[in-house]
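What follows is each chain in one-letter form.
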Amino acid sequence: MALAILAAALVAVGMLQLFYTAWERMDVRNAADLAAVSGAIVLRDTGSVPEACARARDIATGMNVTCAGEGGVITVVVGKEPRFEWLAGTHKATAVAGPADQFPGE
């Protein structure tokens, strides 16, 4: 009986870690999307890539942010180390945002 309870507890802890890791990954994707859109708005309004990238970094606080801008388009890469590294490598997401006319063929 004790072994069954221990096994159930271990499965429950493993599932919680798995769900938490999935939530972290989703959080990184959302931060990348929001940072790219916010950066694109700043880029549109100011025309300054450094200001747009600063805004993107402000949005994705506590995460590693790489930012680049070309034309009216901004590309943001957000990364974060997961809490449970044994389940997943570094969480990483890329987002691109800008005016619709900058994306031909879509």
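Fair warning: this is a prediction, and the values are worked out from it, not measured in the lab.

What the rule picks out here adds up to one salt bridge. A salt bridge links R44 to D45; the shortest N-O distance between them is 2.9 Å. Using a relative accessible area of 60% as the deciding quantity, one classes R44 as exposed. Taking the relative accessible area as the measure of exposure, D45 reaches 52% and is therefore exposed.

In protein chemistry, a disulfide is the covalent bond that joins the sulfur atoms of two cysteines. As enumerated under the stated definition, the model contains one disulfide in all. For C53, the disulfide goes to C67, at an S-S distance of 2.1 Å. Between C53 and C67, the S-S torsion sits near -75 degrees, and that sign places the bridge as left-handed. Here C67 lies in strand β1 (residues 64-70) and C53 lies in helix α2 (residues 49-59), a separation of 14 residues in the sequence.

About the thresholds
Residues numbered from 1 in each chain as written. Predicted model: local features only at pLDDT ≥ 70, side-chain atom pairs only at ≥ 80, totals over all residues. Heavy atoms only, no water. Salt bridge = Lys/Arg side-chain N within 4 Å of Asp/Glu carboxyl O. Buried < 20%, exposed > 50% of the residue type's maximum accessible area, 1.4 Å probe, protein only. Disulfide = S-S within 2.5 Å. Helix = DSSP H or I, 4+ residues; strand = E, 2+ residues; numbered from the N terminus.

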